[in-house]
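# Working through the structure, step by step
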Amino acid sequence: MNTKWIVPLEAAGPKDRPRIGGKGYALYRLLSGGFTVPKAVCVTTALYRAYLRRTGVGERILMELNRKQFKDLRWEEIWDSALRIRSLFLRKELPQALEGPVKKALHAQFGNSPVAVRSSAPEEDAAAVSFAGLHESFLNVRGAEAIIDSIRKVWASLWSDAALLYRQELKLGVDKSAMAVVVQHLVTGRASGVAFSHNPVNPAQGVVEAVHGLNQGLVDGAVAPDRWLIDRQRRRIVGHTAAERRQWAVADRSGVRLEALPAELQSKAPLETAEVLQVFGLALAAKNHFGSPQDVEWTFAERKLHLLQSRPITSGREAAEGDQRSWYLSLKRSFENLKELRGRIENELIPAMVAAADELAALDPGRLDDAALAAEIRRRSEINSHWVSVYWAEFIPYAHGVRLFGQVYNDSVHPADPYEFLTLLGQTPMAGLERNRLIDEMAALVRTIPGMAAALQAGDPPAAPLAAKLAAFIDRFGDLSCPASGARHCIERPETLINVILQLAAHPPSHPQAAPGARAEDLKVAFLARFSGAERRRAEEMLDLARSSYQLRDDDNIHLGRIEAQLTAALQEARRRLAPRIPDGAAEIDPSELLLALENPGHQLRAQPPAAKAAAPAPARTLRARQLVGQPAGPGIARGPARVILTPADLAAFEAGEILVCDAVDPNMTFFAPLSAGVVERRGGMLIHGAIIAREYGLPCVTGVPDATALIETGDQLTVDGFLGIVTVATGRL
């Protein structure tokens, strides 16, 4: 059955590595060397290339990768590109001329027996680099049709966000890259794990790690393994670290799931002493076979030990300064990990965060003497720093819940729009939407009470009942003049909130788009209908977690902003108190200078050097392009004048019907959504705050537009195409 598309391991040869990939080639060599490896075939890179060519997916990938300079992509944009590319593979089936012979060959080899479908890129598992974990594998797949579906997902993983991050190292280009796939008989072992012929941190030792059940839980990081250290020379166990054995991965009807480990196994190590040494002996044998230290995956089926794969141990590479790829990859969490994280966030961190903000707000800095005010500023700074750290360590990883759900949704539904799942998550209660609702209420008062709008425009103080609502709003969300939610008086004329109310009052009521409620319910029903039994319960749990993650993506900044606002209030009090000592013309005083002045009456305040302009360098004036290309983030087309926002003070002049153009829509400025006709951002990504709020209000939105605030001027007439991610400038300098 050795064909252009399918090569059984036993029929492979020394020259086949380029077409069967690194993993397939290693398995061929192990089988040739007499190791017990499961029956397998390799789906060649030729089939991958034929699929790309005949379906046009190759050209679509090329278009995605050329949408923007790769070096300019943010992490979120890389994930978006990977999602769109994955959707191409999900929706484009194998052409009939290819599918027929491949399906026939797979059926002849495996029938309806369970198999593992594993990636085997030509560069994978090489001696210099392994790229372990960058590509996907699927276990317990049954039937030729399901195997082919999994093969397409493995192909798609060649363009995963993780792989794209290592694009240079992988030499990832559409014309140069390819993916072979290993389809391997699934051995449902009673215990499984990995073993290292050499301990990467102590070459005198080897390492064996084992879990009960399948290896999937260990590889995904969802199940902690027992770990043994072995003296390589004397073949003796010198250390054993028992895991907290609570779960195991088991095969179910259509895949692998985690479930509670039976009580009788929780106190029992997955391996006996003799078995640990047997596994280590297997790793050493692989090392001797390949001539280099090996990292092997194995499983015990009853008493028989099977070798699932072997690859060279590669030394960890030191990340270059500023290289945050490892941090980004750490954001990917398993469903089980996200559930634990959710419990901590919702039950501990958010309540503590709210309590901290309330406690700070209860203390008026104006009542403190200078020394006490300095101490309070330091205390508030430490509290704020603590919660910023929590935000990055706990809240940002939790946002992966939306992404995880998106992949599950797309894999099961195969929607034409790869972001359809965001419609399903829409209409989730969020603090930002609640803030906008309260503003709408105040606008309704101005709209209905005769003379109130004119009085506000004339600068008169707000009359009852608006005054009470304004006070309550400002107490909760601030006066909207500051970047931080809850802060106030950040500009000399804090009329931002009044301006927003007047703008809204001058137009009919605006609300988050009305349709999504029913639409979201329809999508939910259609999504859940694809599952039954335990799988349906898991899908429901995943949807619920995704809604929570989606909500936190907006709310966490509101909570964090309230704490930052209290630090801002204390610093404002210090500046007010020290105003007579501030040098003439000094716009900014560093907080450290304020502290010195509060604690030392003789300290001479020094002005802070002017900060470098935050905006990106202005592009060359010779540029003549009239279209700016970014990422499609909110469907629809809008036309209107641009309002470029560079500082919070610019918001005060915002007028209804304008296109909001900014570096990034801060979560604390999304109250402008009801007034906007569209949104254009330099920062990119479908899950950034501007994109989320734009979708809630049905606004066309394009994100990831390089130099947006430099290339567009306030007043330029824009057309925002949120379907294609294109902004057309009808007038201006372009």
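Residues numbered from 1 in each chain as written. Predicted model: local features only at pLDDT ≥ 70, side-chain atom pairs only at ≥ 80, totals over all residues. Heavy atoms only, no water.

## Concerning the overall build of the protein
Secondary structure assignment for the protein yields 25 helices and 21 strands. Buried residues in the protein amount to 54% of all 734 residues. Put simply, 67% of the contacts in the protein that link residues at least 6 apart link residues at least 24 apart. Of the roughly 31,900 Å² of accessible surface on the protein, 52% is carried by carbon and sulfur atoms. (Helix = DSSP H or I, 4+ residues; strand = E, 2+ residues; numbered from the N terminus. Buried < 20%, exposed > 50% of the residue type's maximum accessible area, 1.4 Å probe, protein only. Contact = heavy atoms within 4.5 Å. Areas by Shrake-Rupley, 256 points an atom, 1.4 Å probe, with all protein chains shown as cover.)

## Topic: the packing of aromatic side chains
For the coordinates displayed, the defined rule picks out 14 aromatic pairs. Ring centres of Tyr 48 and Phe 89 lie 6.5 Å apart, and the angle between their planes is 15°; this geometry places the pair in the stacked category. In this pair, Tyr 48 is assigned in helix 2 (residues 45-55) and Phe 89 in helix 4 (residues 75-91), connecting sequence segments 41 residues apart. Take Tyr 48 and Phe 89: they sit in the same class, and that class is buried. Judged by centre distance (6.0 Å) and plane angle (40°), the rings of Phe 405 and Tyr 409 are tilted. Of the two residues, Phe 405 and Tyr 409 both sit in helix 15 (residues 400-413), 4 residues apart, roughly one turn of that helix. (Phe/Tyr/Trp six-rings, centres within 6.5 Å; stacked < 30°, edge-to-face > 60°.)

## Regarding the pairing of strand 2 (residues 40-43)
Side chains Ala 40 and Cys 42 project from strand 2 onto one buried face, and the interleaved Val 41 and Val 43 project onto a second face that is buried too. Pairing analysis gives 4 bridges linking strand 2 to strand 5 (residues 180-185), with the strands arranged antiparallel. Across the sheet, the residue bridging to Ala 40 is Gln 184, located in strand 5. (Pairing = 2+ DSSP bridges.)

## Brief notes about the pairing of strand 12 (residues 294-301)
For strand 12, the buried fraction is high: 7 of the 8 residues fall into the buried class. Bridging between strand 6 (residues 191-196) and strand 12 involves 6 bridges; their strand directions are antiparallel. Counterpart to Phe 196 in the pairing with strand 12 is Asp 295. Hairpin connection from strand 12 to strand 13 (residues 304-312): 2 residues lie between these consecutive antiparallel strands, with Glu 302 at a positive phi of about 55°.

## Overview of the pattern of salt bridges
The tally for this structure, following the rule as stated, stands at 38 salt bridges. The partner of Arg 379 in a salt bridge is Glu 376, with the nearest N and O atoms 3.1 Å apart. Pair noted here: Arg 379 and Glu 376 are both in helix 14 (residues 370-398), with a separation of 3 residues, about one helical turn. Exposure remark for Arg 379: the relative accessible area of 29% places this residue in the partly exposed category. Using a relative accessible area of 6% as the deciding quantity, one classes Glu 376 as buried. Between Arg 380 and Glu 376 there is a salt bridge whose closest N-O contact spans 2.7 Å. Placement of the pair is Arg 380 and Glu 376 together in helix 14, with a separation of 4 residues, close to one helical turn. Accessibility classification places Arg 380 together with Glu 376 in one group, the buried group. (Salt bridge = Lys/Arg side-chain N within 4 Å of Asp/Glu carboxyl O.)

## Describing the sheet that holds strand 8 (residues 226-231)
An order of 9-8-7-6-12-13 is seen for the 6 strands of this open sheet, with the pairing classed as antiparallel. In the strand order of this sheet, the two ends are held by strand 9 (236-241) and strand 13, each with one partner. Sheet twist, expressed as the mean angle between neighbouring strand axes with direction ignored, is 20°. For strand 7 (residues 205-212) and strand 8, the ladder comprises 6 bridges, and the chain directions are antiparallel. For Gln 205, the partnering residue across the bridge sits in strand 8 and is Asp 231. (Axes fitted to C-alpha atoms, helices over the stretch in contact; angles between N-to-C directions.)

## Regarding the side chain of Arg 84
Counting through the fold element by element, Arg 84 comes out in helix 4. Judged by its relative accessible area of 9%, Arg 84 falls in the buried class. A polar contact of 2.5 Å, which involves the side chain of Arg 84, links it to the side chain of Gln 631. Look past the residues within four positions of Arg 84 in its chain and what remains in contact with it is Glu 64, Arg 67, Pro 418, Tyr 419, Gln 631 and Pro 632. (Polar contact = N/O pair within 3.5 Å; in protein donor to acceptor, adjacent residues only side chain to side chain.)

## Re the nonpolar core
Phe 89, Leu 106, Trp 155, Val 183, Phe 405, Phe 421 and Ile 439 are the most contacted members of the largest nonpolar core, which has 136 residues in total. Phe 405 has contacts with Phe 421, Leu 424, Leu 425, Phe 527, Met 542, Leu 543 and Ala 546, leaving out every residue within four places of it along the chain. If you look at the next biggest cluster of nonpolar residues, it comprises 35 residues, including Tyr 25, Val 276, Ala 283 and Phe 290. (Core = buried A, V, L, I, M, F, W, Y, C linked by side-chain atoms within 4.5 Å.)

## Re the confidence of the model for the protein
On average, the protein scores 86 in pLDDT, and the residues at 70 or more come to 89%. The least confident element of the protein is helix 8 (residues 167-170), whose mean pLDDT is 68; the most confident is strand 2, at 97. Note that residues 613-617 has pLDDT below 50 and, in this model, 4 contacts with residues that lie over four places away or in other chains. Per-residue pLDDT stays below 50 along residues 619-624; that stretch engages in 9 contacts with residues further than four places along the chain or on separate chains. (pLDDT = per-residue confidence, 0-100.)

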